[in-house]
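Structural features, examined
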Amino acid sequence: MIQRSGLRMLLAHPLRAVLWLVVLIVMLKAAIDGVKLGTAFSSQDNDDVMRLLSVRDWIAGQGWYDVAQYRLLPPDGVPLHWSRYIDVGIAALIIPFSFIFPMDVAELVAATLWPTMIMIIHLLVVGFGTQHIFGRAAACFAVLCVAFWPLTADLHSRAGQLDHHNVQLLMMVLLAFAVIWPSRPVVAGCIGGIAAAFSLAVGLESLPFIIGGGLAIFIRVVFLPSPLTRSLLFTFCAALGIGSVVFWLGQTPPVMRMQQVCDQLGPQTLLLVAVAILASTMPLLLHRWLKGPWLQLGAAAVLTAIGMLLVWPLLSGCLVGPYGALPEVIQETISGRITEAKPAFLFAQARPMTALLFLLPVLVSLFAGRALWGTSRRSGHYPDQALGLLLILCAAGVLMVFLQMRTVIMVASVVPVIGGVVAAHLLQGYLNKRDLTKGLLAIAVTVMMTSPGLFIDALKPFIAKGQGTNTLSRDDCLEYTSLRSLNAVPPGVLLSHINFGPGLIWATHHDGLSAPYHRSAKAMENGILPFSMNNADMAAYVRASPATHLLICRGYGYDDGFANTLANGGSADWLRPVAVDDDIQILFEVIRE
């Protein structure tokens, strides 16, 4: 009887059933991946490994404001532009578990639980938020999309993924729902504003989405004026402004608060926030003289232009991007190697399967959502208006993807909801009239949104070409037991390829000289330049560095240089081989003249 009543409850509340199912799947995936972390964490993304190292150092006593990594380029270290706020959440898991397990095990438990918790919260927000605005059917489809679309389910949400992007994605989801929430404007505005401010504090990648969110709220006010929409805008602006200042003060040391920075929340970003707040609120405060939406939009545009002119002297230096201060040769190397920083078209040429896997649901939701909105926008029903606002955010995100592929995470905050609305509409059309066309379209949209790989697998024979194998080779080079063999050698300072720095210092007692962090041009140079040089130039470079040893991975695809010779068994008179009990790691002691 208890089982039957439980089944009836799930059937009566389909969203709960779907949520229970996907949460169970997420937890099973986390358990399976978490068991492997002990030997696989060193080969995680560099930022994931470096995040755990930063948390470890903070727990060990490094200062709150001091986010440098001192085991890179010792003794001065490599400065990072990261926020301690993410470290707090991870440390809050590590410390309690350290009373039960050894510290290294506690770290891996936390590395498993942290992204899993973020993912579960993400699912709950999307599920109940979508149900509140668009209904249960749309919510079920949206949750399934979040749980199975590789962009949301795997890219930043699996065990070991500690970088801040999963938190940013959650903050953007909260902001998106604040933009379209149909009631309680003060609560929605506070949540949206604080989420936007916190997202800026942990990384500026979401700035374009936050601008789009604020613009959507402003458009909602000027075209649908009411006490509710005005309260939403003013509350959002207040929460964003106050939250940005509070988070900035909380993570920036007093002596650096007036320092101009372009890669984290600082005076420049705060000025942009101030301009946006004034440009969106002043036309509403002057609504007696600015009657009509187009006059208010025009006034906002003029105020934005004036504000940007006033603050331009402080902002213009940021246009070159985070790599602008690096040597030109390093910039050229980065532009050629970091495929996710390329526009979508170039990314698709280099990695067509991955591009389709990420972009197919985006394109389906954008075009199908636009078609649905086009047929229903005159209904006057609020869900149709909310869909229009989400489409604005989606379109803005797609434009950013054309500039940089990695900004696809922005559209990931709204695509599942749009896709859920479309699939639910098609399903309802089939159920109402048994329209076979709509039924088949509902199935097609659901599959393309939740499992785009099924469509892409059929295309592999035609487009799967040019897919490199560097990722697999890198994982082999950073295999934990292989790196641990280096601990048989007394602690030294190792020069390695840029892809291996964080994993090396996490798994061994050695310090490193190279890492892909733009605030240290030297760390980037050390990991790139010598590995493309000939024998003589490489010898001069390495000897001039503080390196005690040179680390080469056997068989790794280095650039065309002497490093490839060393990786295939070569030797040099300025390098003394050091025996290690491993076939992958090739360690040389640097002989100085």
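It should be noted that the structure appears before, not after, this text.
Let us look at the structure shown here. (Residues numbered from 1 in each chain as written. Predicted model: local features only at pLDDT ≥ 70, side-chain atom pairs only at ≥ 80, totals over all residues. Heavy atoms only, no water.)

**Considerations on the sheet that holds strand S3 (residues 549-553)**
Applicable threshold: Between any two strands, pairing holds if DSSP finds at least two bridges. Only DSSP runs of H or I covering at least 4 residues are called helices, and only runs of E covering at least 2 are called strands; the numbering of each starts at the N terminus.
Across the sheet, which stays open at both edges, the five strands sit in the order S2-S1-S3-S5-S4 with mixed pairing between neighbours. Two strands close off the open sheet at either side, each with one partner strand: strand S2 (511-512) and strand S4 (575-578).

**Observations concerning the state of the cysteines**
We apply this condition: When the sulfur atoms of two cysteines come within 2.5 Å, that pair is taken as a disulfide. Think of it in three bands: with a 1.4 Å probe and only protein chains considered, a residue is buried below 20% of the maximum accessible area for its type, exposed above 50%, and partly exposed in between.
If you walk through the whole model with that rule in mind, you get one disulfide. Disulfide pairing is shown between Cys477 and Cys553; the S-S distance is 1.8 Å. Measuring handedness by torsion sign, the sulfur bridge of Cys477 and Cys553 sits at about -85° and is left-handed. Of this pair, Cys477 sits in helix H22 (residues 470-477) while Cys553 sits in strand S3, placing them 76 residues apart in sequence. The class for Cys477 is buried, based on a relative accessible area of 3%. Judged by relative accessible area, which is 3%, Cys553 ranks as buried. The thiol of Cys140 is not disulfide-bonded; the next cysteine sulfur, from Cys145, is found 13 Å away.

**Quick look at the packing of aromatic side chains**
Put simply, the rule reads: Only centres within 6.5 Å qualify two rings of Phe, Tyr or Trp (six-membered ring in Trp) as a pair; their planes then separate them into stacked at under 30 degrees, edge-to-face at over 60, and tilted for everything else.
Within this structure, the stated rule accounts for 14 aromatic pairs. Between Trp58 and Trp64, the ring centres sit 5.5 Å apart and the planes meet at 65°, which makes this aromatic pair edge-to-face. Summarising the aromatic geometry, the rings of Phe345 and Phe402 are spaced 5.4 Å apart at their centres and angled 20° between planes, so their arrangement reads as stacked. Residue Phe345 is found in helix H15 (residues 344-350), and its partner Phe402 is found in helix H17 (residues 382-403); the two are separated by 57 residues along the sequence. Classification of Phe402 by relative accessible area gives partly exposed; the value is 38%. The structure contains a cluster of three or more aromatic residues connected by ring pairs, namely Trp58, Trp64, Tyr85, Phe198 and Phe247.

**Re helix H5 (residues 103-134)**
One full turn of an α-helix is made of 3.6 residues, so residues set three or four places apart face in the same direction. Formally: Multiplying 1.5 Å by the helix residue count minus one yields the expected span of that helix.
Here H5 is 32 residues long and its end C-alpha atoms lie 46 Å apart, about the 46 Å a rise of 1.5 Å per residue gives. Two residues or fewer after H5 comes Gly135, characterised by a positive phi angle close to 105°.

**Observations concerning the pattern of salt bridges**
Filter applied, for reference: The rule for a salt bridge is simple: a side-chain nitrogen of Lys or Arg has to be within 4 Å of a carboxyl oxygen of Asp or Glu.
By the definition in use, this model includes 10 salt bridges. One salt bridge connects Arg158 with Asp33, and the closest N-O pair in it is separated by 2.8 Å. Taken together, the residues span a long stretch of sequence, with Arg158 in the loop between helix H7 (150-153) and helix H8 (165-180) and Asp33 in helix H2 (residues 14-40) at a distance of 125 residues. On the basis of relative accessibility, which here comes to 14%, the residue Asp33 falls in the buried class. What emerges from the salt-bridge pattern is a single network uniting Lys29, Asp33, Asp154 and Arg158.

**A closer look at the packing of H8 against H17**
The relative placement of two packed helices comes down to the angle between their axes together with the axis-to-axis distance. We apply this condition: To get an axis, a line is fitted to the C-alpha atoms, and for a helix only the part in contact is used. The angle between two axes follows their N-to-C directions and goes from 0 to 180 degrees. Note on terminology: angles under 35 degrees are roughly parallel, angles over 145 are roughly antiparallel, angles of 65 to 115 are roughly perpendicular, and the others are oblique. It is the rotation of the near helix from the far one that decides the hand of a crossing: anticlockwise by less than a right angle makes it left-handed, clockwise makes it right-handed. In this analysis, two residues are considered to be in contact whenever any of their non-hydrogen atoms come within 4.5 Å of each other.
H17 packs onto H8 with a crossing angle of 140° between their chain directions and a minimal axis gap of 9 Å. With respect to H17, the axis of H8 lies oblique. When you trace H8 past H17, the crossing you get is right-handed. The residues of H17 that touch H8, namely those facing Ala176, Val179 and Ile180, are Tyr382, Ala386, Leu389, Leu390 and Leu393.

**As for the environment of Arg370**
By secondary structure assignment, the location of Arg370 is in helix H16 (residues 352-376). Residue class for Arg370 comes out partly exposed when judged on its relative accessible area of 44%. The spatial distance from the C-alpha of Arg370 to the C-alpha of His497 is 47 Å, given a sequence separation of 127 residues.

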